[in-house]
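Residues per chain are reported as follows:
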Amino acid sequence: MNISHIEHIGIAVKNLDETVKYYENVLGLKCYAVEEVKDQKVKTAFFMVGQTKIELLESTDPEGPVGKFIEKKGEGVHHMAFAVDGVASSLAEVESKGVQLIDKAPRKGAEGLNIAFLHPKSTFGVLTELCEKPKD
Ligand code: CMX
């Protein structure tokens, strides 16, 4: 598998608007996009930090992945996403090495990326996302 960089860090928050204010007014970052990802039951806000993004995640449904995470663990770092060359081939490789997949095949995520998640139970506690820009 070829990881080029950390594409983004996902952070679960209770209130997107309030958290965006902190990132903008205290950290001096600029929110460049807000997007609802309906099938993931989240509203997201993005900031660029070098070549890595911060993705804030507010749940739109208490039964969604971020809603359940906040209920159990509270706000905080939710996942780490690596930019890879070939999500499908990377999935096949990590599965062959015994890692449990959440997504068996790439699917569409925020910003139109092809994404797939690895289960935190087999990645030493860090929910891990592999992603890449679709090749057009
Ligand atoms: N990081 C680390 N561990 C996590 C976790 C996270 N984000 N979310 C859940 N877990 C842990 C739970 O605490 C639990 O641990 P214990 O068994 O020790 O209590 C374990 O994983 C399994 O949890 P679960 O309750 O059985 O399963 P859930 O129904 O909570 O699902 C997960 C967990 C990771 C499979 C699910 O959240 C998932 O499929 N995530 C992928 C999709 C996603 O997170 N989407 C939101 C972001 C979308 C985006 O970026 O646009």
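Bear in mind that the values here come from a model prediction, so they are computed numbers and not experimental data. Per chain, residues are indexed from 1 in the order of the written sequence. This being a predicted model, a pLDDT of at least 70 is required before a residue's local features are given, and a value of 80 or more before pairs of side-chain atoms are given or counted; all residues contribute to the totals for chains, interfaces and linings. Side-chain metrics in this entry use all non-hydrogen atoms of the structure; hydrogen atoms and water are not considered.

The subject of this paragraph is the sheet that holds strand S6 (residues 107-108). Taken together, the eight strands give an open sheet; going across it, the order is S2-S3-S4-S1-S5-S8-S7-S6, and neighbouring strands pair in mixed fashion. Taken across any chain shown, the strands that pair with only one partner, and hence form the sheet edges, are strand S2 (31-37) and S6. We call two strands paired when DSSP finds no fewer than two bridges between them. Only DSSP runs of H or I reaching four residues or more are called helices, and only runs of E reaching two or more are called strands; each is numbered from the N terminus. Of the strand pairs in this sheet, strand S3 (residues 42-49) and strand S4 (residues 52-59) are connected by eight bridges, and their pairing is antiparallel. The residue of S4 that forms the bridge with Ala45 is Leu56. Contact definition: two residues touch when any of their heavy atoms are within 4.5 Å. Here, axes are lines fitted to C-alpha atoms. For helices the fit covers the stretch in contact, and angles between N-to-C directions go from 0 to 180 degrees. Sitting on the sheet, helix H3 (residues 87-96) is in contact with strand S5 (76-84), strand S7 (114-118) and strand S8 (128-132), with an inclination near 15° to S7.

A word on the side chain of Glu55. Residue position: Glu55 is located in strand S4. Each residue is assigned to one of three classes by its accessible area relative to the maximum for its type, calculated with a 1.4 Å probe on protein chains only: buried under 20%, partly exposed between the two thresholds, exposed over 50%. The charge count includes Lys and Arg as positive and Asp and Glu as negative, but it does not include His or the ends of the chains. Salt bridges are counted wherever a side-chain nitrogen of Lys or Arg sits within 4 Å of a carboxyl oxygen of Asp or Glu. Of the side chains with opposite charge, Lys53 comes closest to the buried, unpaired Glu55, at an N-O distance of 9.1 Å. Of the polar contacts made by the side chain of Glu55, one reaches the side chain of His8; its length is 3.2 Å. Any pair of N or O atoms that falls within 3.5 Å is considered a polar contact. Within protein, one atom must be able to donate a hydrogen and the other to accept it, and sequence-neighbouring residues count only if both atoms are side-chain atoms. Within the structure, Glu55 has its side chain in polar contact with the side chain of His79 (distance 3.4 Å). With near-sequence residues (within four places) excluded, Glu55 lies in contact with His8, Ile9, Gly10, Ile11, Thr44, Ala45, Phe46, His79 and Ala110.

Taken together, 18 residues lie around the ligand, and Gln40, Lys68, Lys72, His78 and Lys121 are the ones closest in. Lys72 has a polar side-chain atom sitting 2.7 Å from an oxygen atom of the ligand. Considered on its own, the ligand offers 960 Å² of accessible surface; in the complex 73% of this is hidden by protein. Where the shell around the ligand is concerned, the elements lending two or more residues are S4, helix H2 (65-73) and S5. Amino acids are sorted into nonpolar (Ala, Val, Leu, Ile, Met, Phe, Trp, Tyr, Cys and Pro), charged (Asp, Glu, Lys and Arg) and polar (every other residue, Gly among them). Taken together, the residues that form the shell around the ligand break down as eight nonpolar, five polar and five charged. Each domain's extent is set by a domain assignment, obtained either automatically or from a database. Both domains that meet at the shell around the ligand, namely domain 1 (8-75) and domain 2 (84-136), each give it at least three residues. One heavy atom within 4 Å of a molecule or strand makes the whole residue count as near it. For the accessible areas, the method is Shrake-Rupley and the probe is 1.4 Å, while residue cover comes only from the protein chains on display.

Note that all results are geometric; they support no functional claim without further evidence.
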